[in-house]
Structures are given as C-alpha cells and as structure tokens.
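# Working through the structure, step by step
One-letter residues, chain by chain:
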Protein chains: 4
Amino acid sequence: MENALSKREQSKEEKRKKILQAARKVFIEKGYHSTSISDIIRQTDLARGTFYLYFRDKQEIFDELVNELFQAITRHVNMLDLDKLESEQDLYHNLEITVQHLFDTLMKHREIAHIVLSTPFGTDSDFDKKIEAHHEMLFQVATVIFRKAVEKGILNADPVLLSHLVLGGMKEIVFQWIVKGRYEGDMKKEVREIVRIYMKGAQNR
Amino acid sequence: MENALSKREQSKEEKRKKILQAARKVFIEKGYHSTSISDIIRQTDLARGTFYLYFRDKQEIFDELVNELFQAITRHVNMLDLDKLESEQDLYHNLEITVQHLFDTLMKHREIAHIVLSTPFGTDSDFDKKIEAHHEMLFQVATVIFRKAVEKGILNADPVLLSHLVLGGMKEIVFQWIVKGRYEGDMKKEVREIVRIYMKGAQNR
Amino acid sequence: MENALSKREQSKEEKRKKILQAARKVFIEKGYHSTSISDIIRQTDLARGTFYLYFRDKQEIFDELVNELFQAITRHVNMLDLDKLESEQDLYHNLEITVQHLFDTLMKHREIAHIVLSTPFGTDSDFDKKIEAHHEMLFQVATVIFRKAVEKGILNADPVLLSHLVLGGMKEIVFQWIVKGRYEGDMKKEVREIVRIYMKGAQNR
Amino acid sequence: MENALSKREQSKEEKRKKILQAARKVFIEKGYHSTSISDIIRQTDLARGTFYLYFRDKQEIFDELVNELFQAITRHVNMLDLDKLESEQDLYHNLEITVQHLFDTLMKHREIAHIVLSTPFGTDSDFDKKIEAHHEMLFQVATVIFRKAVEKGILNADPVLLSHLVLGGMKEIVFQWIVKGRYEGDMKKEVREIVRIYMKGAQNR
DNA sequence: TATGAATGAGAGTTCATTCAT
DNA sequence: AATGAATGAACTCTCATTCAT
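This section reports on the structure supplied with the text.

Right, let's talk about the overall build of chain A for a bit. When its secondary structure is counted, chain A shows 9 helices and 0 strands. When the backbone C-alpha atoms are referred to their principal axes, chain A occupies close to 70 × 35 × 30 Å. Looking at chain A residue by residue over its 205 residues, the buried ones come to 53%. Total accessible area on chain A is roughly 10,200 Å²; 50% of this is exposed by carbon and sulfur atoms. Positive and negative charge centroids in chain A, built from 32 and 32 side chains respectively, lie 3 Å apart.

Written as structure tokens, this is what we have:
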C-alpha cells in the first residue's frame, strides 16, 4: 500500500469523489463515448468492481457530473425575475447579469462544461436525454423573456428564432473559450457587447 | 447470384458508393458511435471483409461522407467575391445570398449534415480534426468579411466575436431544422430576418 | 439501532435461524442456483460478512436446510417395525401409514421439499451426495420391505424394480403437489389408491 | 496448427457438431448450471467468440441437444394408434411396445437423457420451459390412453394419478439405468414386468 | 477481388470472499 | 462478534480485423 492513508481510512465519500474526479478527467481527455469504465477506474487505485459500489454505470456517473453544472445554472435561472422587464433598461440590465452569470458558472465548472460542450446530443441514445432536457429548459426561459419583450414592444423579432440564435451563439463562444482555450480579454466588456448585438439586432425593424 | 448484374460486373466504384450509401443510412439511424462496421455492411449485399478493401475503418468512411458536404460548402465559399463589399447594400445582399446558399446546401445534404451535427467533436481524436478544420475555415471567411465591413465603417463590432456568434447561431438553427425536424415556414423570410438581426446588431453602436 | 433487541442481544442461535429462514425463502423464489449469498443476507438485518460466521458457503446452508426435512423423514422410517409384515393386511396397513406419513412430512416441510425437488442432482458435485444418500436410504428401506413381502409370498415382483417404481412415482406425485401446486382432493383416499395400485400390481402374477 | 485438417477445411457443420459434442460432454460432467460457455469452448480448439457464431447462448445449445432426444420420443409417440385400444390385450401390447421404444430411445441418446434427467425443472427459469413442455406432452398422452382404458372398462383408476405414477416410475428407472449406471439384465423382461405391475395394479379394484 | 469464418481483446457486470475496523 | 467496503476472478457477449480460400 503506497498511500499515506490506507484505503480503509478513506471515507466512502472521499472515494466517491475520487472516482468522479477520475471520470471528469478521462471524459475530457477521451470524450464520453470513448471512455470505458476501465479507463475511469484505472485512474484511481481502486479495483474494477469497486466502481459498481458507487455508480450503476457510465451514464450515472456522467449524470452526476453534469448535474453539478446544470443545477448551478438552473438555480440562477430560477432566480430570474421575469416581472422586472418593463423597460428597455430593465431588459438590458437583466440580460447582462444573466449572461454574465451564465459565463461565470460555466467558467467555474469549466471541466464539466468542457465535457458537455464536446459531447453532442441529437441521436436519441440514453445519454443525451439529460443534456437535451437542460437545453430545452434554457430555450424555454429565453423564449419566455423574448416573447414578453416583444409584447411590451421592446423587441421586434421572432422569439423562437431569436432564442435559437442566442443560445447557439453563446454555446459557440463558451466552446471557444473553454474547449479551445481561446479566451483572452475583458469578459465584462465582451458580455456587454454580446447583449448589445442581440438587443439592437432584435429591436424595431 | 440472383442479381441482374453479378458482383463481378459491378464496378469498384459502384461498390464503393453502395457502402457509402449504406453507411450514411446507418449513421443517421444509430449515430456514429453506435454504428458497427457489421451494421453498415449488413445493409449491402457485400461481405464483411469487402469493407476493408474500400475503407480502412469507420473513421475513413465517415470522413469521406463528410467531405461530400464540406466540399459543397467550400466550393461556394470560394466563389464569394470579397471585393463586392463596398456598401451596406452589398453586404446585406452578399450575406443573404451566402446564408441562403449555406442553408440550401445543408438541406440538400441534410443526411450528412444530420450526422455531422449529432456527432461529437472537440476531443482531439483523429477524426474531428477534419470537422474542426472546416469550422475554422468558415470562421476565417466570416472574420475576413466582418473585418472588412468594420474597416469600411459598415459594421461596428469585434469581427471575431461576431463570427463566433453568427456561426454558433447558424449551427443551432440548422440543428433544430435538420436533427430536431423543427423546420416549418418560409426559409427565405427566415434568412432575411437572421441576417437583419446580426447586421443591425453589429452596426454603429 | 431501531430494533427492540440490539443485535448484540440476539443469541447466535437466533441469528443462525434468521439466516436459514431467509435462505429458505430465497431458494424457493429464485431457485438454488440463481440465489446469491447477497440475496440471502439482504432478507435479514445482518451484514454480508456475518454470513460467513455461521456458514461456510451456500452449499452448507442448503445442506442444513435439507437436513430438517431428511431428519424428519429418517426419524419416521426408523420407527417402522419391519417385523409386523406377516400378513397382507399388515403390509397394506403399514404401507398406507408410511406413505401417508411421508406425504404429511413433505407437506409440513413443503418449502424445503420444494427446494429439494427443484434442485439438480445427479452430477457428482459435493452437494448432491447428501440427496443421493438419502434417496438411497429410502430405497434400501423399500427394498427390504418388498423383499420380505416377497419372501412371505405376499408380493411377487422384483423388489429392486418395485422400489424404483414406487419411489419414482411418489416423487412425481409430490412434485406435482408441491412444486406445481396441483394438489386438490382427499389425500387419504389418494394414498389408499396409490398403495392399492402398487400392491395389486405386485401381487402374484 | 496441430490438426491434420486446418480449420478452414472443416465445414461449418463439422464445427457446429464439434461444439455440440463438447457441450454434451461438459453438461454431463458439470451439469447445465455449472457449465460456462468458456467450459464448452475450452473442449474444442476454437476461440471463445466462435461460439457465438453458432449459438446465441447456452440455452440455445442446450435446446438443440435436447431436441435430438425429444424429437425422437415425440416422433414415436405420434405414431401411437390410440384407436387400437379395444381389448386388454391391445392395451398390454401397445404399452409394452411403447415403453420398450421409450427405453430404447433413451438408451440410444443416453448422453442427452443423462443431462435431462440430472437437470431438474420446476423453478421457472428460462431454461426448463422446454423440458417441462415435453414432460407435459408425455403426461397428456398417458392420460388420454389411461382415460380411454377406463372408459372401456379395461382399467379402473384415476387416469391422472396413474399417469403421474407411471411417468415418475419410468423416469426413476431410466435415471438408475443411465445416470447411476445400474442397469443389468434383460430389458425385455423388465419392461414386461413394469407394464404388468401398472396394469394389474390399475385393474378393477 | 471477394468472401465470411475465425479470432481474441476488451467491454460491462456480478459475486463469493476477505479483512481492517 | 459483527460489519460492509473492497477486491478481482470469472462470466457473457460484441466487434474490428485478419486471412485462407
């Protein structure tokens, strides 16, 4: 036993974390689909069978990882006060804060974001149910906001189309930042510019 | 041999196409990762070993399929006359045509677009080199256009940022159309709206 | 500890019984081969490792269960008074009582009988030694009785053959009753008929 | 390659037989439940994956083996002319022939009979469906015959009970002969005695 | 060229058993 | 004595790839 602590002395929780940590690492390196449970467990000092003491299968450990990120996002989205969208200023302000927070959260969980962003969904395999559902949630929220803004006369564009453009754009930006490591610059300024582009673009034609 | 033509009489090229055709079908049905070479060859009247006479592995056949689409896109992008971007009208016109053509091409090769859009990339496996390179190409073209427009004073936004937003938005739209099957409506009108949003959004702040 | 008695206060004997009880239940539900030690211990409030404090392996607990039944049968068979077989009446009477008692005992331990009757034997694994030995014992007793009856001139058939027929027939009947749940009717009457068939069949040719 | 013939030169059918042969051997030695596919394939000079080219799983190879025997039995049972049961002589004659043929068939396929007889059924696992169904078939045939004999006044006993007794007895006899290897003697004579016992036993009370 | 049977590495999973606590 | 986390061997099954024909 080469560890300082013997395995018995590590708590179950610690081991669970160790496996999650290993999975996170391997998923980033090899992608979800190419990762085998052996790959994950090989990164730890545990035995193969031990994996199944903590997780049912690859899907479950992926879900758990992704939840960290999704819950953080969802938490913030739920705090959005959709009533505070009376004026153009409100909308700008609200969107800037939301986008900023979204980026912050993604950067904070950048490893998981990395995995999610480099794993596509669309084929109806077991695994992308969750990602799809989460994307749909974000889409719904965006649509509600934009529809409201259109009703108030603040924006003038198809809310559904706009939501797709915005979500797609954001995903690409974050992908470049996190996966491609192409981020440099002042995030605050960038956020302001992004919001401005979409808002100005969607205003009265 | 119940075929009208015996296998011997089919040209090599015909067999190659038959396999490509089969692969396209199965990739869409089961997704790239869940597709085995057996799945592909089962859709043909050829034998398993024959696959390897025409393609090295699954990777290679995927590359070849994807090339059909990429070459079509590249061909058009190369025809873009970047000098015809003097006025705002020019830009609008040019972009509308380009976007329209892009969508047309993707819809024409929608099967392959489907596969590309629902297949992971981002992990540095051999295979996504190609997708990445193609994306990069599109990105470069977009950046050049937007940079030029900024220089001419037509647009006023960070060309790099704008390119990412536009590409991301387009990808999402096409994903919704093709993979999710959520397209209904007048594509021409939609294209005009998309271009308008980005252009208005990126004009003088 | 939510139990009225803490585990410490339960006697070893109680725990042993608890495990046996659980094993009996699971063996019936899933069959001997499909039952894992985890399955057994899951039915108790004990820990997995505890099993091995009481039993060496699945085999041993099975043996012990089966003993309950075998000892009950053996006990009665040993009480048979083989001297009381002078007349045909004696024989009839004795057999009826014996068969009746055998059936009673099997019905009383029907759970274990169920397990025994639906568990393979015949392969020379360790475990069916016991079943075989017990069957042999019954066979010997039957043979002795029938041989005696032949010597007295009451029966006229090969005692060995007759023993096999009788034992096989009984096993089948009990199998139908217990495992298939096909018993309905008046057991006493049935027993009388069974005995009659064998006795009449085996009388002077 | 130590074989005289290379593997390519052996026909598929030969290899299929080789695997069946190996399975038959191992099933007898270890019993169905304790036999793994590795055990079977280890007896051949083939690779593990090859098994699955010929059989879906252990169940399927077992079914195939057992079919050899069951079809042989069924074939003969179907030839039974149930109309030729008018007189006591007819019945005796018919039964003697049937029993004799049954024994012949079982002895001819004694290896498979061995497997079937040492593998119980009763637990509703996948595997014993077939055995159970076959037993049921024999039971039905026996019941029909005995019921008819009762209607004609030739026999006087409960046909169901009698069928169980007869089938159980026969199974036990064959088990002793084949599995225990306890057969000596004149099978013809034995058959005559068995039939006599059951017939006399079941005649008018 | 074309075939397709054979291969064997490797995936996922289960489970009896051990042993530090 | 009792625990239950950890182990790793063993099992079923899949599949890309090879190669004799």
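Still more to cover.
Before going further, it helps to examine the packing of aromatic side chains. Under the definition given, this model contains 30 aromatic pairs over all chains. With 5.4 Å between their ring centres and 40° between their planes, Phe27(A) and Tyr32(A) make a pair best called tilted. For the pair Phe27(A) and Tyr32(A), a shared accessibility class is recorded, and that class is buried. Ring geometry for Phe103(D) versus Trp177(D): centroids 4.8 Å apart, planes at 65°, classification edge-to-face. One end of the pair, Phe103(D), is in helix α5 (residues 88–108); the other, Trp177(D), is in helix α8 (residues 159–179), and 74 residues separate them in sequence. Assigned by exposure class, Phe103(D) and Trp177(D) land together as buried. One aromatic cluster is present, built from ring pairs that chain together Phe27(A), Tyr32(A) and Phe62(A). Just above the ring of Tyr32(A) sits the side chain of Lys58(A); from NZ or CZ to the centre is 4.5 Å.

Note that the two copies of the chain are related through a rotation about an axis and a translation along the same axis. For the pair chain B and chain A, the relating rotation is 177°, the translation along its axis is 0.1 Å, and the fit reaches an RMSD of 0.7 Å. Given the turn and translation reported, the copies of this chain are related as if by a two-fold rotation axis. The fraction of interface residues of chain B whose copies in chain A are also interface residues reaches 93%, indicating that both copies meet through the same surface.

Residues and elements named next belong to chain A. Counted at 1.5 Å a residue, the expected span for helix α1 (residues 12–30) with its 19 residues is 27 Å, and the 27 Å between its end C-alpha atoms agrees. Inspection of α1 places Lys15, Arg16, Ile19, Leu20, Ala22, Ala23, Arg24, Val26, Phe27 and Ile28 among the buried residues, and these make up the whole buried set. Of the surrounding secondary structure, the elements contacted by the buried residues of α1 are α2 (37–42), α3 (48–54), α4 (58–79) and α6 (110–117). Looking one or two residues beyond α1, the residue adopting positive phi is Gly31, at roughly 80°.

Attention now goes to the pattern of salt bridges. Residues and elements named next belong to chain D. Inspection of the entire model under this criterion finds 53 salt bridges over all chains. Measuring nitrogen to oxygen at the nearest pair gives 2.7 Å for the salt bridge that ties Arg16 to Glu64. One end of the pair, Arg16, is in helix α1 (residues 12–30); the other, Glu64, is in helix α4 (residues 58–79), and 48 residues separate them in sequence. Since its relative accessible area comes to 26%, Glu64 is described here as partly exposed. Its salt-bridge partner being Arg24, residue Glu68 comes within 3.2 Å of it at the nearest N-O pair. Pair noted here: Glu68 is in helix α4 and Arg24 is in helix α1, with a separation of 44 residues, a long-range link. Relative accessible area serves as the criterion here: at 32%, Glu68 is assigned to the partly exposed category. The class for Arg24 is buried, based on a relative accessible area of 14%.

Residues and elements named next belong to chain D. Between α4 and helix α7 (residues 129–151), the least distance of the axes is 11 Å, while the angle of their chain directions is 10°. Looking at the two axes, α4 sits roughly parallel to α7. Seen from α4, the contacting residues are Phe62, Asp63, Val66, Asn67, Phe70, Ile73, Thr74 and Val77; seen from α7, they are Lys130, Ile131, His134, Met137, Leu138 and Val141. Partitioned by chemical class, the residues of the contact of α4 with α7 number 9 nonpolar, 3 polar and 2 charged.

Counting through the fold element by element, Thr98(A) comes out in helix α5 (residues 88–108). Apart from the residues lying within four places of it in its own chain, the contact partners of Thr98(A) are His76(A) and Leu80(A).

This paragraph deals with the environment of Gln176(A). All names here are of chain A. Looking at the element boundaries, Gln176 is found in helix α8 (residues 159–179). As for Gln176 and Leu117, which are separated by 59 residues in sequence, their C-alpha atoms are 10.0 Å apart. Polar contacts involving the side chain of Gln176 include one to the side chain of Arg182, which spans 2.5 Å.

To continue, consider the interface of chain B and chain A. Across the boundary between the two partners, chain B contributes 42 residues, which contact 41 residues of chain A. Between chain B and chain A the total buried area reaches about 3,600 Å² when both faces are included, carbon and sulfur atoms providing 57% of it. One can count 6 salt bridges joining chain B with chain A. Taken together, chain B and chain A are joined by 12 residue pairs in polar contact (both at pLDDT 80 or more).

Quick look at the packing of helix α5 (residues 88–108) of chain C against helix α8 (residues 159–179) of chain C now. Residues and elements named next belong to chain C. Where α5 meets α8, the closest approach of the two axes is 11 Å, and the angle between their N-to-C directions is 35°. Here α5 and α8 pass one another in a crossing that is right-handed. Seen from α5, the contacting residues are Val99, Leu102, Phe103, Leu106 and Met107; seen from α8, they are Met170, Ile173, Val174, Trp177 and Ile178. In terms of residue class, the contact of α5 with α8 is built from 10 nonpolar, no polar and no charged.

Attention shifts here to α7(D). The end-to-end C-alpha distance of α7(D), which contains 23 residues, comes to 32 Å, matching closely the 33 Å that a straight helix rising 1.5 Å per residue would cover. Restricting attention to buried positions, one finds in α7(D) the residues Ile131(D), His134(D), His135(D), Leu138(D), Phe139(D), Ala142(D), Thr143(D), Ile145(D), Phe146(D) and Ala149(D). Those residues of α7(D) hidden inside the fold are in contact with α8 of chain C together with α4, α5, α6 (110–117), α8 and α9 (187–202) of chain D. Of the residues trailing α7(D), Gly153(D) is marked for its positive phi of about 80°.

Residues and elements named next belong to chain B. Mapped onto the secondary structure, Leu53 falls in helix α3 (residues 51–54). Here Leu53 falls in the exposed class, since its relative accessible area comes to 65%. Along the backbone, Leu53 and Pro159 are 106 residues apart, and their C-alpha atoms lie at a distance of 46 Å.

Reading the values: rules and limits
Residues numbered from 1 in each chain as written. Chains lettered and ligands numbered in written order. Predicted model: local features only at pLDDT ≥ 70, side-chain atom pairs only at ≥ 80, totals over all residues. Heavy atoms only, no water. Helix = DSSP H or I, 4+ residues; strand = E, 2+ residues; numbered from the N terminus. Buried < 20%, exposed > 50% of the residue type's maximum accessible area, 1.4 Å probe, protein only. Areas by Shrake-Rupley, 256 points an atom, 1.4 Å probe, with all protein chains shown as cover. Lys, Arg positive; Asp, Glu negative; His and termini not counted. Charge placed at Lys NZ, Arg CZ, Asp CG, Glu CD. Phe/Tyr/Trp six-rings, centres within 6.5 Å; stacked < 30°, edge-to-face > 60°. Lys NZ or Arg CZ within 6 Å of the ring centre and 35° of its normal. Least-squares fit on C-alpha atoms with pLDDT ≥ 70 in both. Contact = heavy atoms within 4.5 Å. Expected span 1.5 Å × (residues − 1). Salt bridge = Lys/Arg side-chain N within 4 Å of Asp/Glu carboxyl O. Axes fitted to C-alpha atoms, helices over the stretch in contact; angles between N-to-C directions. Parallel < 35°, antiparallel > 145°, perpendicular 65-115°, else oblique. Nonpolar A, V, L, I, M, F, W, Y, C, P; charged D, E, K, R; others polar. Polar contact = N/O pair within 3.5 Å; in protein donor to acceptor, adjacent residues only side chain to side chain. Buried area = accessible area lost by both parts, 1.4 Å probe. Left-handed = near helix turned anticlockwise from the far one by under 90°.

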